[in-house]
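Letter by letter, the chains look like this.
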Amino acid sequence: MDACRRAALFVALVTAGAVLLPIPVVAAQAPGQLRAGLSAIADGAVPIGASIESRSRAGSRDIAVSIELDQAPDADTRSRLHDAGLSIRGGWETTIEGFVAPSRVRELARVAGVRSITPIRQPLESSFVGPAPALHGATPWQQLGYRGNGVKIGILDGGFDGFAGLLGTELPATVQARCYAQIGVASTALADCVTADSVHGTAVAEAVMDMAPNASLYISNARSPADLAATVSWMTGAGVRLINFSQTSSILLEGMGDGTSPYTNLTYSLVDQAVAGGALFVAAAGNSGQTSWMGPTTDSDADGWVDFAPGVESNYLDLDVGQDIAAAIRWSTATSDYDLSIWQGDTLLAESADAQSVTGDPLEIVDFTAPTAGRYEISVWRDQGPAAPTLRLLVWSNGATELAYRTTAGSLAAPADSRSAGMVAVGAVDYRSPAIVESFSSRGPTLDGRIKPDLVAGDCAPTVTLAVFCGTSEAAPFVTGAAALILESDPTLTPAQLAAYLRSNATPVGSPVPNNDAGYGLLSLGPLPGGVPAVLTFLAPAASGTVGAPFLGQPAVGILDAAGRLVTKGPGATLPITLSVATNVGGGTLSCPAGLTAVAVGGIARFAGCNIDKAGSGYVLRADGSGVTGAVGAPFVVSAVGMPAGLVLTASASTLTYGAALGTTGIVPLPAGVGVPVDVVRIVGGIDTEARPATTDTQGMATWSFKPIVTSDYRLRTVAPGTGIVEVSAPVRIRVNATALLRSSVPTGRTISRTTSIVITTTIRPIGALAARGRARIYLFQRITSGWTLRRTVYANADAIGRAMATIRLPSAGSWWIRSRAEPTATNGASAWTTGVRYTVR
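Given the structure is predicted, the values throughout are model-derived calculations rather than measurements.

1. A look at unusual backbone geometry
Then, number 1: Residue Pro-445 is bonded to the preceding Gly-444 through a cis peptide linkage, with omega at 5 degrees.
Then, number 2: Turning to its location among the elements, Pro-445 is positioned in the loop between strand E23 (423–430) and strand E24 (455–459).
Then, number 3: Along the chain, Ser-511 connects to Pro-512 via a cis peptide bond; the corresponding omega equals -5 degrees.
Then, number 4: Relative to the helices and strands, Pro-512 is located in the loop between helix H12 (495–504) and strand E25 (535–540).
Then, number 5: Even without being a glycine, Ala-302 presents a positive backbone phi close to 55 degrees.
Then, number 6: Mapping Ala-302 onto the fold places it in the loop between strand E15 (292–295) and strand E16 (315–319).
Then, number 7: A relative accessible area of 68% means that Ala-302 is categorised as exposed.
Then, number 8: Even without glycine at this site, Thr-785 takes up a positive phi of about 50 degrees.
Then, number 9: Mapped onto the elements, Thr-785 comes out in the loop between strand E48 (775–784) and strand E49 (787–797).
Then, number 10: Judged by its relative accessible area of 77%, Thr-785 falls in the exposed class.

Next up, the structure:
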């Protein structure tokens, strides 16, 4: 870098005041950090880029900002932010969003409790179907009946132009939408998702449906951190298990380069929120393989400028007139201070020069639009502090371009480098050449050395929307669609388990495996889940009975493949199964009201009301089916009429609240009942689960204490030592009611205005795989004369961690009382009413 350019940069920085002039401090309050180039905008050193959300207000151009606070905002904090020039539009936990004039950004940063301020940029689309199902092994799965049935998929993306026109053909006839025509204002109108003059989101949805044509879609064009967080909560609360993100972070590089961040209003937090809500997060790795550089911060002539090659102090790219780019650099620690600038010749055109000693964030980012076609140079200056060991430069462009000096290694944008075990980052291969990773597909390692992406999938496959849809943007939704088929086959998989399945079944590409080009390899669904019947097994053998009366334990027979997996789909899942008596100790006749042959459903043949007409100890049943190896059950007893009662189970209560302990007592008739191993078991679909063992005492009794999660039937079960004879008791039904706890974002007893937004959170238990997702019913009462009158009822679905959230406003002056309860579900009874909160509205 010559002296002329160094002088030009010095003059520009002094003029901007972004680095050489410290941010002023008012009284004892340290100002919030102005992150991601915001200080330069606040000082008027660069124009408001097109990628930053802006709007017109009273003739001025304001910018959208995300403000992170030290704690959740109260009414006083909101008032102070408003007085400092912020037009509040929304919020999320400790984040507030809104619009502010650039000239008032620093004033806003000095508000007590403000930790940092970041400009809100448009998420960056990775814009660079027929053949995909066959390439990735989905065709036989689809033929077997796996088509995403019952699986809900969320798509966070940009423009959905043309989406409505494909409903009922390429896309489902109906879709759930949360659309934003502007920040902070959501609607269900698909027209509000058509805001970016782009078909990107529509093409992504088509790619998902190619793989999982029967899945349900939930779409959103949310752009700001708070809107994205609210949308993820909406999706997971509705039961969405997969979220596709074919974009990159609006600031390209986040956190400290290791997949984590101290800030909550970044996409890493979005990933964590989705995974905590039970959804696998599928992220495009990005298309920066040709627009990225990673290397040591060598400065061969010690003049302050970083070398991109020996003796080369600027990197360059060719741009067309009007072409937009976003360039970002990231290094490992804020003790070093680097600045990023764009030049043409010796003319400084744009720069980002945050003071890392103030922001604490080793990141610089520049938005730039080329005024003319030509060559533009990118330079990095070390302003102060020690040299960082490694630096990354990443460039996003809305058109074709390449960096002159580039390294495909380390070209991942956030959140593809997230550490979350419930996220997969997806690179791209041309579907016609699946063994070769696309040159533009972003690669690892991450800045801290982890291998990424997780796997690759095909791109450049045709859609109705785009004849050729290339890039990791198309590869990611193919993985999302494949994951829907896997979830359909096993809905119990957690996000981390689903991610592990995708990695373990990928077809290796390159060596070693995994590697930083293709991860674990090409997306493959792997072998069919339980496709070919091989053997039968008694999932629930017949157990105990009285002559002529139905067995207390009715038989259920499972159909397994050669690997021992239940055959749940295809013709084998509906095999007819026939029962017979294999060991007939008493010469009795087996009969079942519906006959001795039952057609399996989902791989399980269930029998009901079966009985034997003669007493005996040691009856054994056999199950047979065409083309499979049969199975024999465990021996059991048929007692004569009038014989003493067998096993008996009693319970301390028939109804209890979740979290309360249930006491049960099992009785085994004497004299055989002393020292007998006996289980209390939960019955699911006629099959015993969750066995809790004990041994009877000298009185033939055993006791248990445990906390049931969901409403269930329970019974005793024992296997007589030496004989293998199975006996069970009559079932006892225990009803479990849910619990609910109400919390409000505004403390109870406050006086508020009619425009105050109150977030009511009802935390519902139980949660987890056994419990159905809950729903809260929220009652709003207003005091009329001497009594309380119900004015409104609000419903809110709980997310995967049991939070049912609703934002409300109390519409008229007076005294108000709010309370809620959990509604009954398929697995639990309704909760009691929560303690309420009260407000006075002025």
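Back to the text.
2. Observations concerning helix H8 (residues 225–237)
Then, number 1: For H8, built from 13 residues, the straight-helix expectation of 18 Å at 1.5 Å per residue is met to within 8% by its first-to-last C-alpha distance of 18 Å.
Then, number 2: Pro-225, Ala-226, Asp-227, Leu-228, Ala-229, Thr-231, Val-232, Met-235, Thr-236 and Gly-237 are the residues of H8 that are buried.
Then, number 3: Among the residues trailing H8, Gly-239 stands out with phi positive, at a value near 95 degrees.

3. Some words on the state of the cysteines
A covalent bond bridging the sulfur atoms of two cysteines is what the word disulfide describes.
Then, number 1: Here the structure, examined in full by the defined rule, presents three disulfides.
Then, number 2: Two residues, Cys-460 and Cys-470, share a disulfide whose sulfurs are 1.9 Å apart. Torsion about the S-S bond of the Cys-460 and Cys-470 cystine: about 125 degrees, corresponding to right-handed handedness. Of the two residues, Cys-460 sits in the loop between E24 and helix H11 (472–489) while Cys-470 sits in the loop between E24 and H11, which places them 10 residues apart along the sequence. Exposure class is identical for Cys-460 and Cys-470. Each is buried.
Then, number 3: Indicated for the protein is the disulfide connectivity 1-2, 3-4, 5-6, based on numbering the bonded cysteines in sequence order.

4. Section: the packing of H8 against helix H9 (residues 267–276)
Then, number 1: Contact geometry for H8 and H9: axes closest at 9 Å, N-to-C directions at 15 degrees. With respect to each other, H8 and H9 are oriented roughly parallel. Considering how the two elements wind past one another, H8 and H9 form a crossing that is right-handed. Contacts between H8 and H9 involve Leu-228, Ala-229, Val-232, Ser-233 and Thr-236 from the first element and Leu-270, Gln-273 and Ala-274 from the second.

5. Quick word on the pattern of salt bridges
Then, number 1: The full count for this structure, using the stated rule, is 21 salt bridges.
Then, number 2: When the shortest N-O distance is used, the salt bridge between Lys-452 and Asp-454 registers 2.9 Å.
Then, number 3: On the basis of relative accessibility, which here comes to 5%, the residue Lys-452 falls in the buried class.
Then, number 4: The class for Asp-454 is buried, based on a relative accessible area of 7%.
Then, number 5: A salt bridge links Glu-690 to Arg-692, with the nearest nitrogen and oxygen atoms 3.7 Å apart.
Then, number 6: The network of salt bridges with shared partners includes Asp-679, Asp-688, Arg-715 and Arg-717.

Thresholds, definitions, all that
Residues numbered from 1 in each chain as written. Predicted model: local features only at pLDDT ≥ 70, side-chain atom pairs only at ≥ 80, totals over all residues. Heavy atoms only, no water. Helix = DSSP H or I, 4+ residues; strand = E, 2+ residues; numbered from the N terminus. Buried < 20%, exposed > 50% of the residue type's maximum accessible area, 1.4 Å probe, protein only. Expected span 1.5 Å × (residues − 1). Disulfide = S-S within 2.5 Å. Axes fitted to C-alpha atoms, helices over the stretch in contact; angles between N-to-C directions. Parallel < 35°, antiparallel > 145°, perpendicular 65-115°, else oblique. Left-handed = near helix turned anticlockwise from the far one by under 90°. Contact = heavy atoms within 4.5 Å. Salt bridge = Lys/Arg side-chain N within 4 Å of Asp/Glu carboxyl O.

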